[in-house]
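Analysis of the macromolecular model
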Amino acid sequence: MTTGLLDRYGHLLDLPPHTARVTLLEGGTPLIPTPRLARRMGGGFDLLIKYEGLNPTGSFKDRGMTAAVSEAVGRGAKRVICASTGNTAASAAAYAARAGLGCVVLIPEGKVAAGKLAGARAYGAQVVQIKGSFDDALRLVVEITRRHPIALVNSINPYRIEGQKTAAFEICDDLGAAPDLLCLPVGNAGNITAYWGGFKRYDEVKGSGLPRLLGVQAEGAAPLVLGHPVEKPETVATAIRIGRPARGEEALRAAEESGGRIIAVSDAQILEMQRLLAQEEGIWVEPASAAGLAGLAQEVAAGRLDVRGKRVVAVCTGHGLKDPDIISRATPQPKVIAPTMDALEEIVLQSEERQP
Ligand code: F0G
């Protein structure tokens, strides 16, 4: 029977006894082999994508949200709030709706991808745009939850991290052990923190081993690479457009403990990887979700990472449908033709055929 993550893995998570069960049957996302992409990076290793875009609201946030909202309901909360670059907002809105709670989301004006904003609105959240960054929004929601009884469901909330550990459990269950290397995008740094906690927990109970972590930020929003906050973060990967990651210290510690690193890649590298993944493997992810793979490609090409004979998992955090506008800008407009065979033949026979 299909179950939610708390039923499946709750016994391994540090959740209080009052925790309720609010679920959309999240998790259970596939681990998809991408041999063509691996060959492009030099080959000789296994590359698998943990496709988190297949969660109920289209991102990995649902893993943390089932836990955070379940805990909030259990302790009698009536409303939840979060700051978000978009995915957390859509996920919080959906799980709040499911639980019958009110939901307020604070987002940076004009910097949230269309599919995420539409999601938050569709699920009925009160959407508030601020003239500022995600970091400003986070500061405000932390402050308001200190003053009023509204539950904070950003990844500062420890139960978000607990829920997100389940992705590491699933990877170990699928592979029979931890992979050698895990690469993933880093924004507010909750997810890399959760993965590391999850792998450590599974290693304790199942002896599944530990991967090295490669965390990847966007160059214009790379406080953990620069070693200081970024006042005006900018990147095409709006999901990770964050200058003061709330769990930055933990993320750096996790990367170091694992023998890995946090690095940065350019927007051009991110978009090129998004294109390759979609056009050569059939997996469409939002730009931020391609950052982990872009970082992997960069490190392998530079000879800083030897992946030969290894098993590498790349976490693709959100679905491509979240950000359709980026594709409209990056690809040519589809042609319009007259409804005749001449016109169709002319256009079809012009275009090249692809070699498999
Ligand atoms: N990928 C996507 C698609 C995201 O939405 C986020 C974060 C990340 C990666 C980075 O994860 O913050 O745990 O390091 N999105 C948050 C949001 C900030 O509000 O949706 P992180």
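Keep in mind it's a predicted model, so treat the numbers as computed, not measured.

It is worth spelling out the site of the ligand at this point. Every one of the 20 residues lining the ligand counts as a neighbour, but Ser84, Asn188, Ala189, Asn191 and Thr317 are closest to it. Within the backbone of Thr85, an N or O atom sits 2.8 Å from an oxygen atom of the ligand. A distance of 2.8 Å separates an oxygen atom of the ligand from a polar atom in the backbone of Thr88. Isolated, the ligand exposes 470 Å² of accessible area, and the fraction of that covered by the protein chains is 99%. Elements that contribute at least two residues to the shell around the ligand include exactly α4 (87–99) and α9 (190–206). The residue makeup of the shell around the ligand includes at least three contributed by each of domain 1 (5–59 + 160–326) and domain 2 (65–158).

Turning our eyes to something else, we now look at the packing of helix α8 (residues 166–175) against α9. Remark: α8 packs on α9, axes separated minimally by 7 Å, with the N-to-C direction vectors making an angle of 50°. Looking at the two axes, α8 sits oblique to α9. When the axes of α8 and α9 are compared, the crossing they make is right-handed. Contact residues: Ala167, Ala168, Phe169, Ile171, Cys172 and Asp173 in α8; Tyr195, Gly198, Phe199, Arg201 and Tyr202 in α9. Among the residues forming the contact of α8 with α9, the class breakdown is eight nonpolar, one polar and two charged.

In this section: the sheet that holds strand β1 (residues 31–33). Taken together, the six strands give an open sheet; going across it, the order is β1-β2-β10-β7-β8-β9, and neighbouring strands pair in mixed fashion. Looking at the sheet topology across the chains shown, the edges are occupied by β1 and β9 (261–265). The mean inter-strand angle of the sheet, taken between neighbouring strand axes irrespective of direction, is 25°. Pairing of strand β7 (residues 181–185) with strand β8 (residues 212–218) involves five bridges; the strand directions are parallel. Following the sheet pairing, Pro185 is matched in β8 by Val216. Lying on the sheet, helix α11 (residues 248–257) is in contact with β8 and β9; it crosses β9 at an angle near 110°.

Annotation of the chain at the domain level lists domain 1 (5–59 + 160–326) and domain 2 (65–158). Computed from C-alpha atoms alone, the centre-to-centre distance between domain 1 and domain 2 is 22 Å. The interface is formed by 37 residues belonging to domain 1 together with 35 residues belonging to domain 2. Carbon and sulfur atoms supply 55% of the area buried between domain 1 and domain 2, which totals about 3000 Å² over both sides. The largest per-residue losses of area from domain 1 upon contact with domain 2 belong to Val22, Arg160 and Lys322, which jointly make up 28% of the total buried on that side. Linking domain 1 with domain 2 are two salt bridges, by the criterion used here. One salt bridge in this structure joins Glu234 and Lys111, with 3.6 Å as the shortest N-O distance.

Below, the discussion takes up the packing of aromatic side chains. One pass over the full model with this rule turns up three aromatic pairs. Ring pairs connect the aromatic residues Tyr9, Phe169 and Tyr202, which therefore count as one cluster.

Formed by 35 residues in total, the largest nonpolar core has its most connected members in Leu47, Leu293 and Leu296. Mapped by element, the contributors of at least two residues to this core are α2 (35–40), β2 (46–51), β7, β8, β9, α12 (267–281), α13 (287–301) and β10 (311–316). The element that contributes the greatest number of residues to this core is α13, accounting for seven residues. Sequence-distant contacts of Leu296, that is, excluding residues within four places in its chain, are made with Met41, Leu47, Leu181, Cys183, Leu214, Leu305, Val307 and Val312. Counting 34 residues, the second-largest nonpolar core is a separate cluster that includes Leu12, Leu175, Leu182 and Leu213.

In this section: unusual backbone geometry. If you check the backbone angles, Leu25 has positive phi at about 60° while not being a glycine. With respect to the helices and strands, the residue Leu25 is situated in the loop between α1 (5–9) and β1. Phi is positive for Ala189, which is not a glycine, with a value near 75°. As for its position among the elements, Ala189 is in the loop between β7 and α9. On the accessibility criterion, Ala189 (4% relative accessible area) is buried.

Definitions and limits used
Residues numbered from 1 in each chain as written. Predicted model: local features only at pLDDT ≥ 70, side-chain atom pairs only at ≥ 80, totals over all residues. Heavy atoms only, no water. Near = heavy atom within 4 Å. Polar contact = N/O pair within 3.5 Å; in protein donor to acceptor, adjacent residues only side chain to side chain. Areas by Shrake-Rupley, 256 points an atom, 1.4 Å probe, with all protein chains shown as cover. Helix = DSSP H or I, 4+ residues; strand = E, 2+ residues; numbered from the N terminus. Domains from an automatic or database assignment. Axes fitted to C-alpha atoms, helices over the stretch in contact; angles between N-to-C directions. Parallel < 35°, antiparallel > 145°, perpendicular 65-115°, else oblique. Left-handed = near helix turned anticlockwise from the far one by under 90°. Contact = heavy atoms within 4.5 Å. Nonpolar A, V, L, I, M, F, W, Y, C, P; charged D, E, K, R; others polar. Pairing = 2+ DSSP bridges. Buried area = accessible area lost by both parts, 1.4 Å probe. Salt bridge = Lys/Arg side-chain N within 4 Å of Asp/Glu carboxyl O. Phe/Tyr/Trp six-rings, centres within 6.5 Å; stacked < 30°, edge-to-face > 60°. Core = buried A, V, L, I, M, F, W, Y, C linked by side-chain atoms within 4.5 Å. Buried < 20%, exposed > 50% of the residue type's maximum accessible area, 1.4 Å probe, protein only.

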